Amino acid sequence: RGGAWDQDATLFRPEEIPPGMIAIPAGPFGYQGDPGNPYAYYLQAVLAARAGRFELAKSLMNRTRGRLDEVPGSMLLQGVIELAAGNYSVASEHFERLLQRQPANARAKLLLARSLYLGGEYRYLARRLAGEIARPDASPYLLTVAARAYEAQGRRDLAGPLLDRAAAPRSA
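Residues numbered from 1 in each chain as written. Predicted model: local features only at pLDDT ≥ 70, side-chain atom pairs only at ≥ 80, totals over all residues. Heavy atoms only, no water.

Core analysis: the biggest nonpolar cluster contains 26 residues, and L112, L125, L129, I133, L143 and L162 have the highest contact counts within it. Broken down by element, this core gets its largest block of residues, 7 residues, from helix α9 (residues 140-152). Ignoring any residue separated from it by four or fewer positions in sequence, one finds L129 in contact with K109, L112, A113 and L142. If you look at the next biggest cluster of nonpolar residues, it comprises 12 residues, including L43, A49, L60 and L68. (Core = buried A, V, L, I, M, F, W, Y, C linked by side-chain atoms within 4.5 Å. Buried < 20%, exposed > 50% of the residue type's maximum accessible area, 1.4 Å probe, protein only. Helix = DSSP H or I, 4+ residues; strand = E, 2+ residues; numbered from the N terminus. Contact = heavy atoms within 4.5 Å.)

Right, dumping it as structure tokens:
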């Protein structure tokens, strides 16, 4: 695990961070005295997003000037920020880019499903995530989102079995 730098980031729960105050952890990925350090802005953006301050998080990510656009964590964060802002298509693009680099990223798959559903991309959701949906160990959340997408298309015949699977007890 990390050292003091990642402990600094957990001193406060998001709801305890006073408005306007975002801490910058010190250490190898934090602020090093360089005010243009993109990682300092990125870490501040993570904290802002965790505190529900998505506009601030987006502003902080903009200060990285694209220098972290190919970093997987940055792709995920930018997708989450856009999802929270209701920009579902843009969020989907971030999650798709991340999944091109990390095809097994389960969290990115779930967030992609959510952004596609909220963006009304029901058919694409079903096609894009068909392989995941067909897996016997598919996430109940993914199954539920896919089922709701089928329902939105008037396909209750396809939604029902997915909802049954989502509600089925899981073996440990």
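What follows continues from the structure just given.
What follows concerns the environment of E96. Mapped onto the elements, E96 comes out in helix α5 (residues 88-101). In contact with E96, other than residues within four places in its own chain, are L112, Y124 and R128. One polar contact links E96 to Y124, side chain to side chain, over a distance of 2.8 Å. (Polar contact = N/O pair within 3.5 Å; in protein donor to acceptor, adjacent residues only side chain to side chain.)

Closest axis-to-axis distance for the helix α2 (residues 38-50)/helix α3 (residues 54-62) pair is 8 Å, and the angle between their directions is 170 degrees. Here α2 lies roughly antiparallel to α3, going by the angle between them. Where α2 abuts α3, its residues Y41, Y42, Q44, A45, A48 and A49 lie against F54, L56, A57, L60 and M61. Residue composition of the contact of α2 with α3, grouped by class: 10 nonpolar, 1 polar and no charged. (Axes fitted to C-alpha atoms, helices over the stretch in contact; angles between N-to-C directions. Parallel < 35°, antiparallel > 145°, perpendicular 65-115°, else oblique. Nonpolar A, V, L, I, M, F, W, Y, C, P; charged D, E, K, R; others polar.)

The interhelical angle for the contact between α9 and helix α10 (residues 156-167), taken along N-to-C directions, is 165 degrees, at an axis separation of 8 Å. Here α9 is positioned roughly antiparallel relative to α10, judged by the angle of their axes. For the pair α9 and α10, the crossing hand works out as left-handed. Judged by residue contacts, P140, L143, T144, A146, A147, R148, Y150 and E151 of α9 engage R156, L158, A159, L162, L163, R165 and A166 from α10. Its residues assigned to classes, the contact of α9 with α10 comprises 10 nonpolar, 1 polar and 4 charged. (Left-handed = near helix turned anticlockwise from the far one by under 90°.)

In a regular helix each residue adds 1.5 Å, so 14 residues correspond to 20 Å; α5 covers 20 Å between its end C-alpha atoms and thus fits that length. A91, S92, H94, F95, E96, L98 and L99 are the residues of α5 that are buried. In the core, the buried residues of α5 are packed alongside α4 (72-84), α6 (106-118) and α7 (122-128). (Expected span 1.5 Å × (residues − 1).)

Let's shift gears to the pattern of salt bridges. Between side chains of opposite charge, pairing is possible as soon as their charged atoms come close. Applying the stated rule across the entire model yields 8 salt bridges. For R97, the salt bridge is made with E70, and the minimal N-O distance between the two is 3.1 Å. Separated by 27 residues along the polypeptide, R97 in helix α5 and E70 in the loop between α3 and α4 bring together distant segments of the chain. With a relative accessible area of 28%, R97 lands in the partly exposed category. Each of E70, R97 and R101 takes part in salt bridges that share partners, so that together they form one network. (Salt bridge = Lys/Arg side-chain N within 4 Å of Asp/Glu carboxyl O.)

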